[in-house]
Amino acid sequence: MALKGGTRFSVRFEDVFPAGCMLVPDSIVEAQDYNEATRTRTPAVDKLTGQRVWSVRVSDMDPDLAGRAREVVVKISAPVQPVPESSAPFAPVEFEGMTVTPYVGQTGRLTYSIRATGFRSSAPARASK
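Because the structure is a prediction, the values reported are computed rather than measured.

**Student:** What is the right way to read the side chain of Asp-46 from this model?
**Tutor:** Here Asp-46 shows up in the loop between β4 (40-43) and β5 (53-60). Among the polar contacts made by the side chain of Asp-46, one reaches the side chain of Arg-8 at a distance of 3.1 Å. Among all residues touching Asp-46, those that are not within four sequence positions of it are Arg-8, Gln-51, Val-53, Ser-77 and Arg-115.

Pasting the structure below:
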């Protein structure tokens, strides 16, 4: 089986964020692409859908991350900027239409680019016993 670079794999929200996630306040911004040749930034466009791309920062609520970074960026492809249903800081959200793209990062470790088609408010995840 041959996979091309940039292959997106569908995933369930529960598999990526089993303990849920919280929207970081003021974290939805338009993603930017950087052109090395011209040294300019332009609004990012999804290569598959042609839609604008928005970066959304969330805090992963997984208790196993104690002592490690919890902030994750999820990119949403949408024609307009997504707006959270709640104005409360650190509101729980659930992403829809999620995909991951694995790649080797600058440190040589496997990492993932996470994308979604949208998000909605959700009830806070309950801690498992």
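Moving on from the coordinates now.
**Student:** Would you mind showing me how to read the pattern of salt bridges here?
**Tutor:** Between side chains of opposite charge, a pair can form when the charged atoms approach closely. Inspection of every chain in the model, using the stated rule, returns seven salt bridges. The partner of Arg-12 in a salt bridge is Asp-15, and the shortest N-O contact between them spans 3.1 Å. In this structure, Arg-115 engages Asp-46 in a salt bridge whose closest nitrogen and oxygen atoms are separated by 3.1 Å. Placement of Arg-115 in strand β9 (residues 110-116) and of Asp-46 in the loop between β4 and β5 is noted, with a sequence separation of 69 residues between them.

Rules and cut-offs
Residues numbered from 1 in each chain as written. Predicted model: local features only at pLDDT ≥ 70, side-chain atom pairs only at ≥ 80, totals over all residues. Heavy atoms only, no water. Helix = DSSP H or I, 4+ residues; strand = E, 2+ residues; numbered from the N terminus. Polar contact = N/O pair within 3.5 Å; in protein donor to acceptor, adjacent residues only side chain to side chain. Contact = heavy atoms within 4.5 Å. Salt bridge = Lys/Arg side-chain N within 4 Å of Asp/Glu carboxyl O.

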